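# Residue-level structural notes
Chain by chain, the residues:
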2 protein chains.
Amino acid sequence: MKFCNKIITTRSQYAGAAQHKCHCPKGHSGECNEFPFLEHLKTVAPSVANKIKRDATMTTGAAWKSENAGPNRILRWVMMLDDEDLLEYGLDMSKLKPGVIAKLREKAADYDSCILVAAKLTWLVYQMENAPIPPTEIRKYLENLFGEMEPNSTLCVICKLPLDFNLFNLAVRGKAAIETCHKNPRMHNSDNVGFGHRECNIAQGNKSLDEFYSWINGIISRVNSES
Amino acid sequence: MKFCNKIITTRSQYAGAAQHKCHCPKGHSGECNEFPFLEHLKTVAPSVANKIKRDATMTTGAAWKSENAGPNRILRWVMMLDDEDLLEYGLDMSKLKPGVIAKLREKAADYDSCILVAAKLTWLVYQMENAPIPPTEIRKYLENLFGEMEPNSTLCVICKLPLDFNLFNLAVRGKAAIETCHKNPRMHNSDNVGFGHRECNIAQGNKSLDEFYSWINGIISRVNSES
């Protein structure tokens, strides 16, 4: 599928970092739209649509307020700019701790990858247990990009158990029960993202999925050989 | 071994919550001492001695500053008091979020258990790879409580790999590489505590060790049956 790709003007302070584009199919009728695949979710489950958009396009940044904790949520493609360009946006990387810089730079991704991540996450959401049913137009759009959709087939990327759409509404101690996950935490693209249980994502930490599985395999064999 | 158990007066604002006692062997010579087993570590590795004392006797509390995040580190036995008594110490539990209250109450432990936890952690530290060698008096004291000490035998409670004393000095992004762990996170006593890698402790989360092992066992079998 080819996108319309017409430039959409934005009032974002970071407009210079990437041109926002229309992702309706090329030759579409009606208005241009950067996230046409989210239109239905925006109506029936706005918080899920917002989460997809946010996780796809923004870094996590700092969860707490502190002088040197770094900015809280910033566009991932802005993090592709070098320190000098960032300074023009008022972000002085030299003032941040090395750990914060590493964390921010790890989350960098180009604009087109972020859009495809958002579309992939939407495709996955519609295949969760108890998910809303997408309008035909959106289903076809997403299938065109990522293949046929099968109800109830979305598994936690990490533990491989089915994910229930209702988990989006479940938060324990203020933390959502479903998180956006990366098979390899350092790559933000549509092949590498998915959803997972919060506890699974935390357990995986900075490891790739392969590293995580061999790590827990090692634990299991040491525990078994001990008893 | 019987402790001296003579009351040690303290200027702590929480003095009423528990009487501090001398844990030198009964009939000892010299001054009374609440933590005689830490005297050597206090000299050769003060930060490790402080960590043992802190983790054994204090709750973690909130890592960030916030009106309703709860107090940052409070004596575990103070958390055994009921809300009314806590109010007298200026701690209004009714002002805290349910999640914070649960977290604080989970960490409650009586004074004697905390002292034994500190002693057990000290016993484990001396058996880590590259640990300092304890003076005979302290070794005998600890062996009397927890059994014979074997150099290089302290394993991560969770992953069962040997722990190196030097990991205490290693911090990644400001977080210590070794943490105090609980086989069952809700019980703070000497049988249930040990040391573990930070990443292992995070992965275990709120699960007991048994729950954690069967959880990762399930992941491994699903991943294997998938490929």
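Let me sum up the structure you'll find in this document. (Residues numbered from 1 in each chain as written. Chains lettered and ligands numbered in written order. Predicted model: local features only at pLDDT ≥ 70, side-chain atom pairs only at ≥ 80, totals over all residues. Heavy atoms only, no water.)

Moving on to the relation of the copies chain A and chain B. A rotation about some axis, followed by a shift along it, carries one copy of the chain onto the other. When chain A is brought onto chain B, the operation consists of a screw motion whose angular component is 180 degrees and whose axial shift is 0.0 Å, with 0.0 Å RMSD remaining. Put plainly, the chains are arranged around a two-fold axis. Ranked by how close their C-alpha atoms come to the rotation axis, the residues of chain A are headed by Ala203 of chain A, at 1.9 Å. An overlap of 100% is found between the interface residues of chain A and their copies at the interface of chain B, pointing to a shared contact surface. (Least-squares fit on C-alpha atoms with pLDDT ≥ 70 in both. Contact = heavy atoms within 4.5 Å.)

Let's shift gears to helix α2 (residues 46-57) of chain B. Residues and elements named next belong to chain B. Taking 1.5 Å of rise per residue, 12 residues should cover 16 Å, and α2 covers 16 Å from first to last C-alpha, within 8% of that figure. Listed as buried for α2 are Val48, Ala49, Lys51, Ile52, Asp55, Ala56 and Thr57. Contacts made by the buried residues of α2 are with α1 (39-44), α5 (111-125), β5 (178-182) and β6 (193-197). (Helix = DSSP H or I, 4+ residues; strand = E, 2+ residues; numbered from the N terminus. Expected span 1.5 Å × (residues − 1). Buried < 20%, exposed > 50% of the residue type's maximum accessible area, 1.4 Å probe, protein only.)

This part takes up the interface of chain A and chain B. In this complex, chain A contributes 25 residues to the contact, which on the side of chain B involves 25 residues. Both faces considered, chain A and chain B share a buried interface measuring about 2,200 Å² in area, 65% of it formed by carbon and sulfur atoms. At the junction of chain A and chain B, the tally comes to 4 salt bridges. Lys207 of chain A is paired through a salt bridge with Glu199 of chain B; the nearest N and O atoms lie 2.4 Å apart. Connecting chain A to chain B are 4 residue pairs in polar contact (both at pLDDT 80 or more). Looking at the side of chain A that touches chain B, the elements that each hand over two or more residues are α4 (98-106), α7 (198-204) and α8 (209-226) of chain A. At 10 residues, the largest contribution of residues to the side of chain A that touches chain B is made by α8 of chain A. (Buried area = accessible area lost by both parts, 1.4 Å probe. Salt bridge = Lys/Arg side-chain N within 4 Å of Asp/Glu carboxyl O. Polar contact = N/O pair within 3.5 Å; in protein donor to acceptor, adjacent residues only side chain to side chain.)

Our focus in this paragraph is the environment of Ile8 of chain B. Residues and elements named next belong to chain B. On the secondary structure map, Ile8 appears in strand β1 (residues 7-8). Considered as a pair, Ile8 and Gln19 are 11 residues apart in the sequence and their alpha carbons are 7.3 Å apart. Setting aside residues up to four positions removed in sequence, Ile8 forms contacts with His20, Lys21, Cys22, Cys32, Asn33 and Glu34.

Residues and elements named next belong to chain A. Under the counting rule described, the total for this entry stands at 18 salt bridges over all chains. Where Arg105 meets Asp83, a salt bridge forms, and the shortest distance between an N and an O atom there is 2.7 Å. A residue pair is termed long-range when its members are at least 10 positions apart, and Arg105 in helix α4 and Asp83 in helix α3 (residues 83-88) qualify at 22 residues.

Remember that side chains alternate between the two faces of the sheet whenever the strand is regular. Residue and element names in this part refer to chain A. Of all 5 residues making up strand β5 (residues 178-182), 5 are buried, and the element is well covered by its neighbours. Sheet topology note: the β5/strand β6 (residues 193-197) ladder contains 5 bridges and is antiparallel. Bridging from a neighbouring strand, Glu179 pairs with Gly196 of β6. (Pairing = 2+ DSSP bridges.)

Once that is clear, we can look at the packing of helix α5 (residues 111-125) of chain A against helix α6 (residues 136-146) of chain A. Residue and element names in this part refer to chain A. At a closest axis distance of 10 Å, the pairing of α5 and α6 adopts a crossing angle of 115 degrees. As far as their axial angle goes, α6 and α5 are roughly perpendicular. For α5 against α6, the interelement crossing comes out left-handed. Contact residues: Leu116, Ala119, Lys120, Thr122 and Trp123 in α5; Leu142, Glu143, Leu145 and Phe146 in α6. Of the residues that constitute the contact of α5 with α6, the class distribution is 6 nonpolar, 1 polar and 2 charged. (Axes fitted to C-alpha atoms, helices over the stretch in contact; angles between N-to-C directions. Parallel < 35°, antiparallel > 145°, perpendicular 65-115°, else oblique. Left-handed = near helix turned anticlockwise from the far one by under 90°. Nonpolar A, V, L, I, M, F, W, Y, C, P; charged D, E, K, R; others polar.)

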